[in-house]
Amino acid sequence: SFSEGVYPKLSGVEIKDAKGALAKTGPTKVNADKKVMTIPVEATLAPGHYVVAWHAVSTDTHHVKGQFDFTVK
């Protein structure tokens, strides 16, 4: 979620496993006020460590990015 609205067509994520393989994701979506961005994962993730690298362009045209990781058991 963001403090400002985001443009879904200019925003998104990459999810990579420990070997660097990309997980298949669906289209970026935002809620009605454009402050919550969701990207569906298209297939079940195998157990292991993953890194999510995200980027977003807000309605005031600022570019932001970041990353976080998670583990599937």
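Attention here is on the structure that accompanies the text. (Residues numbered from 1 in each chain as written. Predicted model: local features only at pLDDT ≥ 70, side-chain atom pairs only at ≥ 80, totals over all residues. Heavy atoms only, no water.)

Applying the stated rule across the entire model yields one salt bridge. Across the salt bridge formed by Glu-14 and Lys-16, the nearest N and O atoms sit 4.0 Å from each other. (Salt bridge = Lys/Arg side-chain N within 4 Å of Asp/Glu carboxyl O.)

Our focus in this paragraph is the packing of aromatic side chains. The full count for this structure, using the stated rule, is two aromatic pairs. Residues Phe-2 and Trp-54 carry aromatic rings whose centres are separated by 5.7 Å and whose planes lie at 70° to one another, so their mutual orientation is edge-to-face. Residue Phe-2 is located in the segment before strand 1 (12-17), and its partner Trp-54 is located in strand 4 (residues 48-57); the two are separated by 52 residues in the primary sequence. For Trp-54, a relative accessible area of 23% translates into the label partly exposed. Judged by centre distance (5.4 Å) and plane angle (15°), the ring pair of Tyr-50 and Phe-70 falls under stacked. Remark: Phe-70 occurs in strand 5 (residues 63-72) and Tyr-50 occurs in strand 4; sequence separation between them is 20 residues. (Phe/Tyr/Trp six-rings, centres within 6.5 Å; stacked < 30°, edge-to-face > 60°. Helix = DSSP H or I, 4+ residues; strand = E, 2+ residues; numbered from the N terminus. Buried < 20%, exposed > 50% of the residue type's maximum accessible area, 1.4 Å probe, protein only.)

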